[in-house]
2 protein chains.
Amino acid sequence: MTSAPPPRPVRVLLADDEHLIRGALAALLALEDDIVLVAEAATGPEALAMALAHRPDVAVLDLEMPGADGVNVATSLRTRLPDCRTMIVTSHGRPGHLKRALAAGVRAFVPKTVSARRLAEIIRTVHAGNRYVDPELAADAISAGDSPLTAREAEVLELAADGAPVAEIAARASLSQGTVRNYLSSAASKLGAENRHAAVRLARERGWV
Amino acid sequence: MTSAPPPRPVRVLLADDEHLIRGALAALLALEDDIVLVAEAATGPEALAMALAHRPDVAVLDLEMPGADGVNVATSLRTRLPDCRTMIVTSHGRPGHLKRALAAGVRAFVPKTVSARRLAEIIRTVHAGNRYVDPELAADAISAGDSPLTAREAEVLELAADGAPVAEIAARASLSQGTVRNYLSSAASKLGAENRHAAVRLARERGWV
DNA sequence: CACTGCTCATGACAAACGTCATGCGTGGGC
DNA sequence: GCCCACGCATGACGTTTGTCATGAGCAGTG
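Residues numbered from 1 in each chain as written. Chains lettered and ligands numbered in written order. Predicted model: local features only at pLDDT ≥ 70, side-chain atom pairs only at ≥ 80, totals over all residues. Heavy atoms only, no water.

Student: Would you explain the relation of the copies chain A and chain B in this entry?
Tutor: A rotation about some axis, followed by a shift along it, carries one copy of the chain onto the other. When chain A is brought onto chain B, the operation consists of a screw motion whose angular component is 180 degrees and whose axial shift is 0.0 Å, with 0.1 Å RMSD remaining. The two molecules are tied by a two-fold rotation axis, judged by turn and shift. Relative to the rotation axis, the C-alpha of Ala-24 of chain A is the closest in chain A, positioned 2.4 Å from it. Here 100% of the interface residues in chain A have copies in chain B that are interface residues too; the copies meet face to matching face. (Least-squares fit on C-alpha atoms with pLDDT ≥ 70 in both. Contact = heavy atoms within 4.5 Å.)

This is the structure we're talking about:
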């Protein structure tokens, strides 16, 4: 760190929908002389477009953004810009999100509770080709385990998320009402929930929907 | 603004549970030479304690914090430290929260989508004794209107939030099951929801619970 | 090939839920 | 003092649910 400065700085894209935070982060990262911010974005699609235009080394993506969330952007970048390393920062560290992110080829998953200095270090780590996962989130993810839900159970549960009656869920999923009730029932019992609404809540907490 | 600099800088307390954002904001505010950060906090109770210890002119409080949310802290400060002006910053601008905040004597309500420069201006505005409310949030709050729910309807709805069955809600509220169902029914019809679960969702969106 | 697990469906039954009518008490407004 | 809005309750009704048994088609695995 105190030895010879790197010949070429890390080119970074920063995507976050909150100007206040994005601006503040940009200012802090600008203090690091081996990191240069080449683009900023406030939405998922914008992040993708900016990345394609500016070809950063590392894309720092907020998890929750309008348009497309960080993991979706990372997935697109993986094919459209394979040399670009992606990392996710987030306020809400749900275990399931971590899994989803890693599956999408994300190299780092960081909660917003870290310091800016630490974030800069992680950017360097990622740029060097390594991975980083917040230890606490990793522990949560391991203890939460995999989703016990089958694909259809998860799908039906998601459609039930806004409190819609079974008839509507059935129509939207093109299933019979009886089938929908069966899936909801098995999903709820797998999650140890009293009813589908509590099941939705639990699945959400664990990032399984 | 471009005239003589103020003789004494604004003493500011900054409370946010995300280190990354708090640190970044602190750095940005430090650039403003008429603003000095006298304390930082990561939780509601900590914010209160720090405020009492350092007596800032303005307390900048995040709405969502562990322990006690920004509005609760503001309420406490109003009585414990009346000279301290409070302002709320938040990611999620629900109309109801704005109402609640203003009722608690908060002088400004700002979404995190503003720029740091703007935030600094608002801090000065608040310090000067004026108020500031984000125009867009204000419009939302006005169009959303007041909660049509009675106290008990809101209370029962809140207990129903986690998907608990009527029997459990009745037990927790010390009401009969029939009464609970009546309240839930009237609340749902007032909100135009199909059932209590959708009603909970709607009420949450509008900040009425 | 047999076996297992997922998908999708049907029918039936009990429990939970939404709705309505009705009633009583209490406190504020005119 | 009367009336109305609200809080609280009960009982009854039909509908929506959760649950279970059962079965058929279809993938993947040993």
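Student: Can you help me understand the sheet that holds strand β3 (residues 58-62) of chain A in this one?
Tutor: Strands in a sheet are paired, the pairing made by backbone hydrogen bonds, and the direction either parallel or antiparallel. Residues and elements named next belong to chain A. A sheet is described by the order of its strands in space; here 6 strands give the open sequence β2-β1-β3-β4-β5-β6, paired in parallel fashion. Across the chains shown, the open sheet's two edge strands, defined by having one partner strand only, are β2 (35-41) and β6 (132-133). Bridge count between strand β1 (residues 10-15) and β3: 4 bridges; the pairing is parallel. Note on β3: the bridge partner recorded for Ala-15 is Leu-61. Packed onto the sheet, helix α2 (residues 44-54) meets β1, β2 and β3 and runs at close to 135 degrees relative to β2. The strands that helix α4 (residues 95-103) touches are β4 (85-90), β5 (108-111) and β6; relative to β5, the one it contacts most, it runs at about 150 degrees. (Pairing = 2+ DSSP bridges. Helix = DSSP H or I, 4+ residues; strand = E, 2+ residues; numbered from the N terminus. Axes fitted to C-alpha atoms, helices over the stretch in contact; angles between N-to-C directions.)

Student: Can you help me understand the packing of helix α7 (residues 151-159) of chain B against helix α9 (residues 177-191) of chain B in this one?
Tutor: Two quantities define a packed helix pair, namely the angle between the helix axes and the distance between the axes. Residue and element names in this part refer to chain B. Taken N-terminus to C-terminus, the directions of α7 and α9 make an angle of 100 degrees; their axes are 9 Å apart at the nearest point. As the angle between them shows, α7 and α9 are arranged roughly perpendicular. For the pair formed by α7 and α9, the contact residues are Arg-152, Glu-153, Val-156 and Leu-157 on the first element and Val-180, Tyr-183, Leu-184, Ser-186, Ala-187, Lys-190 and Leu-191 on the second. Of the residues contributing to the contact of α7 with α9, the split by class is 7 nonpolar, 1 polar and 3 charged. (Parallel < 35°, antiparallel > 145°, perpendicular 65-115°, else oblique. Nonpolar A, V, L, I, M, F, W, Y, C, P; charged D, E, K, R; others polar.)

Student: What am I meant to see in the protein's contact with DNA strand D here?
Tutor: By nearness alone, 16 residues border DNA strand D, and Arg-181 and Arg-196 of chain A together with Arg-152, Leu-175 and Tyr-183 of chain B come closest of all. Within 4 Å of the protein, the contacting atoms of DNA strand D are 60% sugar and phosphate, with bases supplying the remainder. At 2.9 Å from a base oxygen of DNA strand D is found a side-chain nitrogen or oxygen belonging to Arg-181 of chain A. The side chain of Arg-152 of chain B places a nitrogen or oxygen atom 3.1 Å from a phosphate oxygen of DNA strand D. Elements that contribute at least two residues to the surface near DNA strand D include exactly α9 (177-191) of chain A together with α7 and α9 of chain B. Counting residues per element, the surface near DNA strand D draws most heavily on α9 of chain B, which supplies 4 residues. (Near = heavy atom within 4 Å. Polar contact = N/O pair within 3.5 Å; in protein donor to acceptor, adjacent residues only side chain to side chain.)

Student: Would you mind showing me how to read the nonpolar core here?
Tutor: Where a protein is soluble and globular, its nonpolar side chains tend to be buried together. Judged by nonpolar contacts, the single largest core of 50 residues is most densely connected at Met-87 and Ile-123 of chain A together with Met-87 and Ile-123 of chain B. Excluding anything up to four places from it in sequence, Met-87 of chain B contacts Val-58, Ala-59, Val-60, Leu-61, Val-106, Ala-108, Val-110, Leu-119, Ile-122, Ile-123 and Val-126 of chain B. Residues Ala-47, Ala-74, Leu-77 and Leu-81 of chain B belong to the second largest nonpolar core, which totals 27 residues. (Core = buried A, V, L, I, M, F, W, Y, C linked by side-chain atoms within 4.5 Å. Buried < 20%, exposed > 50% of the residue type's maximum accessible area, 1.4 Å probe, protein only.)

Student: Sorry, what's going on with the pairing of β3 of chain A here?
Tutor: Residues in a regular strand project their side chains so that they alternate between the two faces of the sheet. All names here are of chain A. Burial runs high along β3: 5 of the 5 residues are buried. Side chains Val-58, Val-60 and Asp-62 of β3 all project onto a buried face; the interleaved residues Ala-59 and Leu-61 project onto the opposite face, where all are buried too. Where β3 and β4 come together, 5 bridges link them in parallel fashion. By the bridge assignment, Asp-62 is partnered in β4 with Val-89. For the crossover that starts at β3, traverses helix α3 (residues 70-80) and ends in the parallel β4, the hand is right-handed. (Right-handed = clockwise from strand over helix to strand, strands pointing away.)

Student: Help me understand the protein's contact with DNA strand C, please; the structure alone is not making it clear to me.
Tutor: Taken together, 16 residues sit near DNA strand C, with Thr-150, Arg-152 and Tyr-183 of chain A together with Arg-181 and Arg-196 of chain B positioned nearest. Near-protein atoms of DNA strand C (within 4 Å) split between backbone and bases, with sugar and phosphate holding 62%. Between DNA strand C and Thr-179 of chain A there is a distance of 3.3 Å, counted from a phosphate oxygen to a side-chain nitrogen or oxygen. The backbone of Val-166 of chain B places a nitrogen or oxygen atom 3.0 Å from a phosphate oxygen of DNA strand C. For the surface near DNA strand C, the secondary-structure elements that each account for two or more residues are α7 (151-159) and α9 of chain A together with α9 of chain B. Here the surface near DNA strand C is built from residues that sort into 5 nonpolar, 8 polar and 3 charged.

Student: In this structure, what is going on with the sheet that holds strand β1 (residues 10-15) of chain B? I would like to understand it.
Tutor: All names here are of chain B. In spatial order, the strands read β2-β1-β3-β4-β5-β6; together these 6 strands make up an open sheet with parallel pairing. Of all strands in the sheet, those with a lone pairing partner are β2 (35-41) and β6 (132-133), marking the two edges. In the packing of helix α3 (residues 70-80) onto the sheet, contacts are made with β3 (58-62) and β4 (85-90), and the angle to β3 comes to roughly 155 degrees. Against the sheet, helix α4 (residues 95-103) makes contact with β4, β5 (108-111) and β6, and its axis sits at roughly 150 degrees relative to β5, the strand it touches most.

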